[in-house]
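Residues per chain, in single letters:
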Amino acid sequence: MTVTAAGPLPTTPYDVAIVGAGVVGCAIARELARRPRLRIALVEAQDDVGQGTSKANTAILHTGFDATPGTLEARLVREGYARLGAYAAETGIPVERVGALLVAWDEEQLAALPRLAEKAERNACHDTALLGPGELYAREPRLGPGALGALHVPGESIICPWTTTLAYATQAVRAGADLHLDTAVREVSRSDGHLLTTSRGTLRARHLVNAAGLHADTLDRALGHEDFTVTPRRGQLLVYDKLARPLVRHILLPVPTALGKGVLVAPTVHGNVLLGPTAEDLRDKRATGSTADGLAALRDKGRRVLPALVEEEVTAVYAGLRAATGHEDYRITAHPGQAYVTVGGIRSTGLTASLAIAAHVTGLLADGGLDLGPVREPEPVTMPNLGEAFPRPYQRPDLIAADPEYGTLVCHCERVSRGEIRDALASTVPPRSLEGLRRRTRARAGRCQGFYCGAAVRELFERGARP
């Protein structure tokens, strides 16, 4: 029930320690925290939850239509899609069901569409439809010339990945889990359970869950396993201004290749348009910088898909690293003799599958001897809805009448009020940096990127947003 980032760690052993506070680690912590008998530690090397792959993905809630049928990933994405959709509705996480179009640009891609429709059917996605060029352009009139057809997948949606991660962490902490930030795991050994040597001292746990993302293979090897190797796959993305949003109505996907789903054009729940990602296999697990060549390649591909888009203003550029393993499935493995579960190789579908992965891992822990005890549902949470299609606090007279701080805008590009900044700073898992505040409120994330509001936002952050 605490969030710590300094000082000594507790000496009493935890029942379960989860390494990695990305969307999957936070989902697992939330699921385990439903068992009040358990003492849970969520251990994160960085200063906030969701700081790795989770904050830099394409923010799509996947139906799982193109997963490899029969794999664990296919099952968990399908289950997770339903679970996360319901959870988002309960907690206020913005979701828009815009649908996706897999666009064929040549005869080979066109011939692949019926096979993709058949795969979708095998993955229990029964509402796809093949479109000819006439219907395709009626749906997306700004699409570049030369498209031959498309597969329509109406269930594909866009979501806020950051708010999802934060919601899980908030519920986990409120239910009794301890979140230890700035706590990098340096060594792990077996000694009357698991002994984790961290940057803040030692931590003991009877059971261990490895949700370390890009570093999951390193932790796995420390416990004697060599089941997979993580190759960081960089994805660079361009974020276009909100003025570009009317250009696109669906998620526009290419026909997938062996390297991934390819470069897409997609609206975001924040009202922008994404172009990306690239797919560059690297060695450096910290190489999240963008490159001129990568961005130029994105613009070239975007020019074919949606020519008008590349003429619009770019609001931001970012890059994320995905945990590629060379396998077509998640690498989720229980090691009962060690009271240890590996949760590795979680690709871009991990956001969608997160709640289902959490339930699956909890079952593996129980099979390995963890006495879960009775269930107590976590306290409901209502997250700040940062979606462009949903009412924001400054648009709600009832909120402003009760508290005028919600009517005082600080960031005009994203229409963020003083009240929202104050609430974020006083929240269960508060930001520890301006970047963390931006993710929680969108302050400084708009067209000017903080040029006009940056000083005011910094002042509020540094003095705790006191009126």
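So, here is what we can say about the structure in this document. Remember, predicted model here, so these are calculated numbers, not experimental data.

Brief notes about the side chain of aspartate 47
Part 1 of the argument: Here aspartate 47 is to be found in the loop between β3 (40-43) and β4 (60-61).
Part 2 of the argument: Buried and unpaired, aspartate 47 has no salt bridge, with arginine 432 as the nearest side chain of opposite charge at 4.6 Å.
Part 3 of the argument: Apart from residues no more than four positions distant in its own chain, aspartate 47 is found in contact with Leu181, Asp182, Arg432 and Ser433.

As for the sheet that holds strand β5 (residues 95-96)
Part 1 of the argument: An order of β4-β9-β5 is seen for the three strands of this open sheet, with the pairing classed as antiparallel. The open sheet terminates on both sides in strands that have one partner only, identified here as β4 and β5.
Part 2 of the argument: Alignment of β5 against strand β9 (residues 157-159), held across two bridges, turns out to be antiparallel. Looking across to β9, one finds that glutamate 96 is bridged to isoleucine 158.

So, helix α10 (residues 418-425)
Part 1 of the argument: Of all eight residues in α10, seven are buried; the element is thus mostly enclosed.
Part 2 of the argument: For α10, the full list of buried residues reads Arg418, Gly419, Glu420, Ile421, Arg422, Ala424 and Leu425.
Part 3 of the argument: Buried residues along α10 sit in contact with β22 (409-411), β23 (416-417), α11 (434-441) and α12 (454-462).

A word on the pairing of strand β13 (residues 201-210)
Part 1 of the argument: Pairing of strand β2 (residues 14-19) with β13, which is carried by five bridges, proceeds in the parallel orientation. Within β13, the residue paired with valine 16 across the bridge is histidine 207.
Part 2 of the argument: With five bridges joining them, strand β12 (residues 194-198) and β13 adopt antiparallel strand pairing. When the bridges of β13 are listed, histidine 194 appears paired with alanine 205.

Definitions and limits used
- Residues numbered from 1 in each chain as written.
- Predicted model: local features only at pLDDT ≥ 70, side-chain atom pairs only at ≥ 80, totals over all residues.
- Heavy atoms only, no water.
- Helix = DSSP H or I, 4+ residues; strand = E, 2+ residues; numbered from the N terminus.
- Buried < 20%, exposed > 50% of the residue type's maximum accessible area, 1.4 Å probe, protein only.
- Lys, Arg positive; Asp, Glu negative; His and termini not counted.
- Salt bridge = Lys/Arg side-chain N within 4 Å of Asp/Glu carboxyl O.
- Contact = heavy atoms within 4.5 Å.
- Pairing = 2+ DSSP bridges.

From the geometry alone we can't say anything about function, so treat these as descriptive.
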